[in-house]
Amino acid sequence: MKICQVETTLVATSRVGQLGTLGLQVVRERGSTTKQVAVDPVGCRDGDWVIIVGSSAARTAAGSNDYPSDFTIVGIIDYWDDDSESGRK
Amino acid sequence: MKICQVETTLVATSRVGQLGTLGLQVVRERGSTTKQVAVDPVGCRDGDWVIIVGSSAARTAAGSNDYPSDFTIVGIIDYWDDDSESGRK
Amino acid sequence: MKICQVETTLVATSRVGQLGTLGLQVVRERGSTTKQVAVDPVGCRDGDWVIIVGSSAARTAAGSNDYPSDFTIVGIIDYWDDDSESGRK
Amino acid sequence: MKICQVETTLVATSRVGQLGTLGLQVVRERGSTTKQVAVDPVGCRDGDWVIIVGSSAARTAAGSNDYPSDFTIVGIIDYWDDDSESGRK
Amino acid sequence: MKICQVETTLVATSRVGQLGTLGLQVVRERGSTTKQVAVDPVGCRDGDWVIIVGSSAARTAAGSNDYPSDFTIVGIIDYWDDDSESGRK
């Protein structure tokens, strides 16, 4: 799974029906400048460091095998000190 | 999911039968020069900023588990200000 | 899906049984120097610009969910002018 | 599969229910500075060199097709001499 | 599929049960310095140039949908002249 930071909520009104009403977050992987979009069943706030699962597991993590996600937040990291590069609590 | 911009429609007459008649769009991920091809069940126009799902979820998002897509547009972003790097509405 | 150019046919006599007799093509993605191998159910010629599907959809596109492909050609692009970067017909 | 080194345990109290109680490890792929998170059904210690499976196989390797993992440790390498670049025992 | 060269056999005694007794090979993709681990149901020797399938197809290619592989050797290339960049026989 990837370690990413939540940046902001994304709004997309025109969407396929299967996306439903789960929140979408713009996230950025640690050490990368590329932004991606993740489905958020956990309820994150801007700035949170989160664990995001990809591949086919992202569907189940979003609540259903039919959910069209390839990137779903599965947990909020309790403590992430990015400078000292440790994830210990 | 990836954040991409639609560039143009792609025509491929010789194709496997399962591709059917859904539109194909040439898209470019934000910050990348690599072009990819996405299936478009939403109905995009050139220049639209869209959310694209990959992995196995791209099949369901295209309408069927048998649809041979690994990159399907699932939503059009309401507002994307690429310079200020925000996706808020 | 990726936009690749077909380079040449690949011969691999020692192979797992599930690969069967479908042709294998050495391909190169647009703008990359990395060569990959794609299964070809369409019938391409050297130099063709093609659309290639990856992920789990590559199995179905090769004709069966049991086919061991992660990269299958699904269409030949009618017209690809690589210099002007357009895929319009 | 990827060759990674275990760095430390990760704590994420707010998580989706399917993650259960399996341990999460922060790992770094050989030759990369990017950290990722892997599910650990084997029981690793900090500094171990491990084999990690991704894609949909990461779910089964974690014990169930419903487990939301895309990166699961499947083995500890007996001997890895990173300087001489060999993995022989 | 990827074009890789087999470097050496890998030994990992502590492993999840599903890995069974299939051989594991350290391989390197053509043009890359990153080493990966592939399951070998074909029987390769050090130095062989091979075709390796990833994604979910790697499970079937290893002999079972429950096999935890994301990178399985599916064929040995008959002739690979890396300098002239051709894969013809």
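Reading the values: the criteria
Residues numbered from 1 in each chain as written. Chains lettered and ligands numbered in written order. Predicted model: local features only at pLDDT ≥ 70, side-chain atom pairs only at ≥ 80, totals over all residues. Heavy atoms only, no water. Phe/Tyr/Trp six-rings, centres within 6.5 Å; stacked < 30°, edge-to-face > 60°. Helix = DSSP H or I, 4+ residues; strand = E, 2+ residues; numbered from the N terminus. Buried < 20%, exposed > 50% of the residue type's maximum accessible area, 1.4 Å probe, protein only. Least-squares fit on C-alpha atoms with pLDDT ≥ 70 in both. Contact = heavy atoms within 4.5 Å. Lys, Arg positive; Asp, Glu negative; His and termini not counted. Salt bridge = Lys/Arg side-chain N within 4 Å of Asp/Glu carboxyl O. Pairing = 2+ DSSP bridges. Buried area = accessible area lost by both parts, 1.4 Å probe.

Visitor: Please explain the packing of aromatic side chains as it appears in this structure.
Guide: The geometry of an aromatic ring pair comes down to the distance between the two centres and the angle between the two planes. Residues and elements named next belong to chain C. Inspection of every chain in the model, using the stated rule, returns five aromatic pairs over all chains. Plain terms: the ring middles of Trp49 and Trp80 are 6.0 Å apart, the flat faces sit at 35° to each other, and that makes the pair tilted. Here Trp80 lies in the segment after strand E6 (71–76) and Trp49 lies in strand E5 (residues 49–54), a separation of 31 residues in the sequence. Taking the relative accessible area as the measure of exposure, Trp49 reaches 16% and is therefore buried. A relative accessible area of 10% means that Trp80 is categorised as buried.

Visitor: What am I meant to see in the relation of the copies chain D and chain A here?
Guide: Here the second copy of the chain follows from the first by a rotation about an axis and a shift along it. Expressed as a screw transformation, the operator carrying chain D onto chain A has a rotation angle of 72° and an axial translation of 0.0 Å, and the superposed copies differ by an RMSD of 0.0 Å. The two molecules are tied by a five-fold rotation axis, judged by turn and shift. Little of the interface of chain D is mirrored in chain A, where only 10% of its interface residues are also at the interface.

Visitor: Where do I start with the side chain of Arg59(E) in this structure?
Guide: Inspection of the secondary structure puts Arg59(E) in helix H1 (residues 57–61). Of the side chains with opposite charge, Asp66(E) lies nearest to the buried Arg59(E), which makes no salt bridge, at 6.4 Å. Setting aside residues up to four positions removed in sequence, Arg59(E) forms contacts with Arg59(C), Ser56(D), Ala57(D), Arg59(D), Ser64(E), Asn65(E), Tyr67(E) and Ser69(E).

Visitor: What's the story with the pairing of strand E5 (residues 49–54) of chain A in this structure? I'm lost.
Guide: Successive residues of a regular strand alternate their side chains across the two faces of the sheet. All names here are of chain A. Here E5 lies mainly inside the structure; six of its six residues are buried. Burial along E5 is two-sided: Trp49, Ile51 and Val53 and Val50, Ile52 and Gly54, pointing in opposite directions, are all buried. Here strand E1 (residues 2–9) pairs with E5 via four bridges, running antiparallel. Across the sheet, Lys2 pairs through a bridge with Ile52, a residue of E5. Where E5 meets strand E6 (residues 71–76), five bridges bridge the pair, whose relative direction is antiparallel. Among the inter-strand pairings, Val53 is bridged to a residue of E6, identified as Thr72.

Visitor: Explain the interface of chain C and chain B here, please?
Guide: It is common to report an interface's size as the accessible area lost on association of the parts. With 27 residues of chain C in contact, the opposing surface of chain B contributes 29 residues. In this assembly, chain C packs against chain B so that about 2200 Å² is buried in total across both faces, 56% of it on carbon and sulfur atoms. Area buried by chain C at its contact with chain B is led by Met1(C), Thr60(C) and Val74(C), which between them contribute 27% of it. Linking chain C with chain B are zero salt bridges, by the criterion used here.

Visitor: Got a minute to help me understand the environment of Val6(A) in this structure?
Guide: All names here are of chain A. Turning to its location among the elements, Val6 is positioned in strand E1. The exposure class of Val6 is buried, given its relative accessible area of 3%. Sequence separation of Val6 and Val27 is 21 residues, and the distance between their C-alpha atoms is 4.5 Å. Excluding residues within four positions of it along the chain, Val6 makes contact with Gln25, Val26, Val27, Cys44, Arg45, Asp46, Gly47, Asp48, Val50 and Ile73.

Visitor: Would you explain the relation of the copies chain C and chain B in this entry?
Guide: Expressed as a screw transformation, the operator carrying chain C onto chain B has a rotation angle of 72° and an axial translation of 0.0 Å, and the superposed copies differ by an RMSD of 0.0 Å. Interface overlap between copies: only 11% of the residues of chain C at the interface are likewise at the interface in chain B, consistent with a contact formed by different surfaces.

Visitor: Hey, could you run me through the pattern of salt bridges in this one?
Guide: A side chain with one charge may pair with a side chain of the opposite charge, provided their charged atoms come close. Scanning the model with the defined rule gives 10 salt bridges over all chains in all. The salt bridge partner of Lys35(B) is Glu7(B), with a shortest N-O separation of 2.5 Å. Of this pair, Lys35(B) sits in strand E4 (residues 35–40) while Glu7(B) sits in strand E1 (residues 2–9), placing them 28 residues apart in sequence. Of the residues examined, Lys35(B) reaches a relative accessible area of 3% and is grouped as buried. Owing to a relative accessible area of 23%, Glu7(B) belongs among the partly exposed residues under this scheme. If you follow the salt bridges from partner to partner, you end up with Glu7(A), Arg28(A) and Lys35(A) in one network.

Visitor: Where do I start with the arrangement of the chains in this structure?
Guide: A gap remains between chain A and chain E, which never touch, and the nearest two C-alpha atoms on either side lie 9 Å apart. When C-alpha atoms are compared, chain B and chain E, though not in contact, are closest at a spacing of 9 Å.

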